[in-house]
Every structure is written in structure tokens, then in C-alpha cells.
Amino acid sequence: IPTYLFSIVSLIILKLSRGLHRALTYAQIIWDLLLVTLLLLLTGGINSPYSFLYMLSIINASVLLARREAIYTAALCGILYGAILDFQYYGKLKVFGLSQAQYYDARYILYTIFVNILAFFLTAFLTGYLAERVRKSESALKEKVIDYEELERLNSSIVSNIDSGLISINNDGRIRV
């Protein structure tokens with residue numbers, strides 16, 4: 001319910017004020033990271049299968065903001081995930097019902113942290129690159145649409161102001177309508 005309320009409030013604020021778009025995007029990403037972190041804490045920490053949900057927040061940051069913010073989000077995901085596993089290893093998360101994870105070898109925990117952080121940063125780089133390509137393609141397409149519209153107006157102006165006849169043919173030599 002709090003997530004739905006946050007989304008509804010964000011939507012209302014966006015409708016009322018366009019200048020807060022970027023700030024609300026940051027707030028949404030941070031909110032998502034906190035929810036994923038809480039989910040990991042409640043579902044077993046190192047044993048939780050939900051660490052991949054951090055990647056959705058990274059993808060969200062790269063699509064809505066830019067590659068730099070995606071990398072920042074990946075770093076924050078790595079810090080949060082590493083902190084969860086470290087605190088669980090040292091028994092500091094008994095409040096959440098997580099037992100001490102010292103039955104895992106320290107090398108295994110470091111390996112798990114490393115693999116996840118690597119996945120977070122690879123996701124940030126790849127989705128950031130793809131999002132930048134999409135933005136460039138969209139801007140190039142908008143330029144082409146503007147050019148086409150200008151050519152269409154020029155063509156209409158020439159055709160409507162010409163005093164003599166005009167026949168247009170296609171590549172097959174047929175008259176175009």
C-alpha cells in the first residue's frame with residue numbers, strides 16, 4: 001500500500017508541477033532500492049533469491065535518467081547488498097530474524113557480493129548505453145520528421161503557386177497521382 005500511495009502522490013505532483021520530474025525520479029529510485037533491501041532482509045539475506053530486483057532499479061535509472069545515474073544506482077545497490085551480507089555474517093540482523101551467516105565461508109560471501117556487484121555494474125553500463133542510443137535515435141528521428149514536414153510544406157507551396165502544368169512520374173515512368 002505505501003508503494004501505491006507513493007506512486008499516486010508522485011503522479012499528482014507531476015501533474016501539478018513539471019519542474020519536479022527529476023527529483024521525483026530520484027525519489028522513486030531510492031524508494032525502490034529501499035523496498036528491495038527490505039525484501040532481501042525479510043526473505044533471508046544471503047539466501048534470498050531476490051537480489052536480482054536491484055537490477056530493475058538500475059534499469060529504471062538508466063531509462064529515466066542517464067548512464068551516470070545508473071552507475072550511481074549500481075554503486076548504491078552494491079553498498080546495500082554488501083552491507084546486508086556483512087551484517088548478516090556478523091550477526092547484526094537478528095532483528096529481522098536473520099541468523100548469523102557464519103556457517104558460510106567468508107570467501108563464499110565475498111564471492112557472492114562480488115558477483116552481484118559485477119552484475120549490477122554490467123547492467124548499468126549496458127542499459128545506460130542502450131538508453132543513450134535510444135535517446136540519440138529519437139532525436140535523429142525528430143530531426144528527420146521536422147525536415148520531412150518542411151519539405152512537404154515547400155512542395156505544397158511550389159505546387160500551389162506554379163502557373164504552368166506539372167506532371168510527376170515514378171521510377172517506372174508512370175504518372176504519380
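See the structure shown above.
Residues numbered from 1 in each chain as written. Predicted model: local features only at pLDDT ≥ 70, side-chain atom pairs only at ≥ 80, totals over all residues. Heavy atoms only, no water.

Draft legend 1. Fine view of the overall build of the chain. The number of helices and strands found in the chain is five helices and zero strands. Secondary structure elements of the chain occur, N-terminal to C-terminal, as α-α-α-α-α. For 177 residues, the compact-globule estimate of 2.2 N^0.38 gives 16 Å, and the chain exceeds it by more than 25% at 27 Å. Taking all 177 residues of the chain together, the buried fraction comes to 28%. Long-range contacts, defined here as pairs at least 24 residues apart, represent 64% of the contacts in the chain between residues at least 6 apart. Put simply, the chain shows about 12,400 Å² of open surface, and 66% of that area lies on carbon and sulfur atoms. Within the chain, the 13 negative side-chain charges are centred at a point lying 8 Å from the centre of the 16 positive side-chain charges. (Helix = DSSP H or I, 4+ residues; strand = E, 2+ residues; numbered from the N terminus. Rg over C-alpha atoms; globule rule 2.2 N^0.38 Å. Buried < 20%, exposed > 50% of the residue type's maximum accessible area, 1.4 Å probe, protein only. Contact = heavy atoms within 4.5 Å. Areas by Shrake-Rupley, 256 points an atom, 1.4 Å probe, with all protein chains shown as cover. Lys, Arg positive; Asp, Glu negative; His and termini not counted. Charge placed at Lys NZ, Arg CZ, Asp CG, Glu CD.)

Draft legend 2. Region of the structure containing helix H5 (residues 106–161). Relative to the 82 Å expected for 56 residues at 1.5 Å per residue, H5 spans 82 Å between its end C-alpha atoms, a close match to the ideal helical length. Residues of H5 that are buried include every one of Ile109, Thr112, Ile113, Asn116, Phe120, Thr123, Ala124, Thr127, Gly128 and Ala131, and no others. (Expected span 1.5 Å × (residues − 1).)

Draft legend 3. Summary view of the pattern of salt bridges. One pass over the full model with this rule turns up three salt bridges. Two residues, arginine 67 and glutamate 132, come together in a salt bridge whose shortest N-O distance is 3.1 Å. Of this pair, arginine 67 sits in helix H4 (residues 67–89) while glutamate 132 is found in helix H5, placing the two residues 65 residues apart along the sequence. In this structure, glutamate 69 engages arginine 68 in a salt bridge whose closest nitrogen and oxygen atoms are separated by 3.3 Å. (Salt bridge = Lys/Arg side-chain N within 4 Å of Asp/Glu carboxyl O.)

Draft legend 4. Representation of the packing of aromatic side chains within the structure. Enumeration over the complete set of coordinates arrives at four aromatic pairs. Ring centres 6.4 Å apart and planes at 80° place the aromatic pair tyrosine 54 and tyrosine 81 in the edge-to-face group. On the criterion of sequence distance, the pair formed by tyrosine 54 in helix H3 (residues 53–64) and tyrosine 81 in helix H4 is long-range, its members being 27 residues apart. Across the pair, tyrosine 81 and tyrosine 54 agree in class, each one buried. Taken together, a centroid distance of 5.6 Å and an interplanar angle of 75° make the contact between tyrosine 54 and phenylalanine 120 edge-to-face. Placement of tyrosine 54 in helix H3 and of phenylalanine 120 in helix H5 is noted, with a sequence separation of 66 residues between them. For the pair tyrosine 54 and phenylalanine 120, one class covers both residues: buried. Clustering of aromatic rings is evident, with ring pairs tying together Tyr54, Tyr81 and Phe120. (Phe/Tyr/Trp six-rings, centres within 6.5 Å; stacked < 30°, edge-to-face > 60°.)

Draft legend 5. Spatial organisation of helix H2 (residues 21–42). With 22 residues, H2 extends 31 Å from end C-alpha to end C-alpha; this agrees with the ideal 32 Å at 1.5 Å per step. Three or more residues of H2 are buried, namely Leu24, Thr25, Gln28, Ile29, Asp32, Leu33, Val36, Thr37, Leu40 and Leu41. Positioned one or two residues after H2, glycine 44 has a phi angle of 115°, which is positive.

Draft legend 6. Expanded view of a nonpolar patch on the surface. Nonpolar side chains collect at one region of the surface, where Tyr108, Tyr111, Phe114, Val115, Leu118, Leu122 and Leu126 lie side by side and expose about 710 Å² of accessible area between them. Examined against the element boundaries, valine 115 turns out to sit in helix H5. (Patch = residues over 30% accessible without salt bridge, like charges linked within 9 Å, V, L, I, M, F, W, Y side chains within 5 Å.)

Draft legend 7. Just the side chain of glutamate 69, in detail. When you line up the elements, glutamate 69 lands in helix H4. For glutamate 69, the contacting residues outside a window of four places in its chain are Arg22, Tyr26 and Ala61.

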